[in-house]
Amino acid sequence: MARISHKGIKEQKPSLIAAQYTFFTALYVRLSLEEQEGGLTEKIKNQRELLLEYIREKPEYQLVDIYCDNGCTGTNFDRPQWQRLMEDVKAGRVNCIIVKDLSRLGRNYLEAGDYIEKIFPFFGVRFIAVTDRYDSLTSDPAEDGLVVP
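## Quick look at the packing of helix 3 (residues 80-90) against helix 5 (residues 109-123)
Step number 1: The N-to-C vectors of helix 3 and helix 5 enclose an angle of 40 degrees; their axes lie 9 Å apart at closest approach. Looking at the two axes, helix 3 sits oblique to helix 5. Side by side, helix 3 and helix 5 meet where Trp82, Met86, Val89 and Lys90 of the first sit next to Tyr115, Ile119, Phe120 and Phe123 of the second.
Step number 2: Class assignment of the residues belonging to the contact of helix 3 with helix 5 gives a composition of 7 nonpolar, no polar and 1 charged.

## Observations concerning the environment of Tyr21
Step number 1: Along the polypeptide, Tyr21 turns up in the loop between helix 1 (14-19) and strand 1 (23-31).
Step number 2: A relative accessible area of 43% means that Tyr21 is categorised as partly exposed.
Step number 3: Along the sequence, Tyr21 and Tyr61 sit 40 residues apart, while their C-alpha atoms lie 8.6 Å from each other.
Step number 4: Filtering out sequence-adjacent residues up to four positions away, Tyr21 remains in contact with Glu60 and Asn95.

The rules behind these values
- Residues numbered from 1 in each chain as written.
- Predicted model: local features only at pLDDT ≥ 70, side-chain atom pairs only at ≥ 80, totals over all residues.
- Heavy atoms only, no water.
- Axes fitted to C-alpha atoms, helices over the stretch in contact; angles between N-to-C directions.
- Helix = DSSP H or I, 4+ residues; strand = E, 2+ residues; numbered from the N terminus.
- Parallel < 35°, antiparallel > 145°, perpendicular 65-115°, else oblique.
- Contact = heavy atoms within 4.5 Å.
- Nonpolar A, V, L, I, M, F, W, Y, C, P; charged D, E, K, R; others polar.
- Buried < 20%, exposed > 50% of the residue type's maximum accessible area, 1.4 Å probe, protein only.

Here it is as structure tokens:
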């Protein structure tokens, strides 16, 4: 059997792959007790609107749910809506998580790093931090991807 040359065949870019694939998307918003002023604050609404605007014109993102931990610390991941989100990830209902920025994911950067580098890839979850301009699908860890201290 003759071998086929792959010379000259260009690899598909991640952005083209993303446009051809449906991402079952969770938007995660969080505000700590210190940051909130009672109830569903303006900051939570702003986070939610920013994320909804981000996915609005992108048909590859199918919104599953918005998970909101209002008044929860970011120093650990023992948050009710985060736990519900992770159950949906484990059940295969969510394969993309979008947050405003890394601090909304968590302020314990060691544990947040474990999610980004180990847990999300294990479950095949794409992770996006909008204002940090980080997307796990297009980042190259060898280059200038998101640096978690």
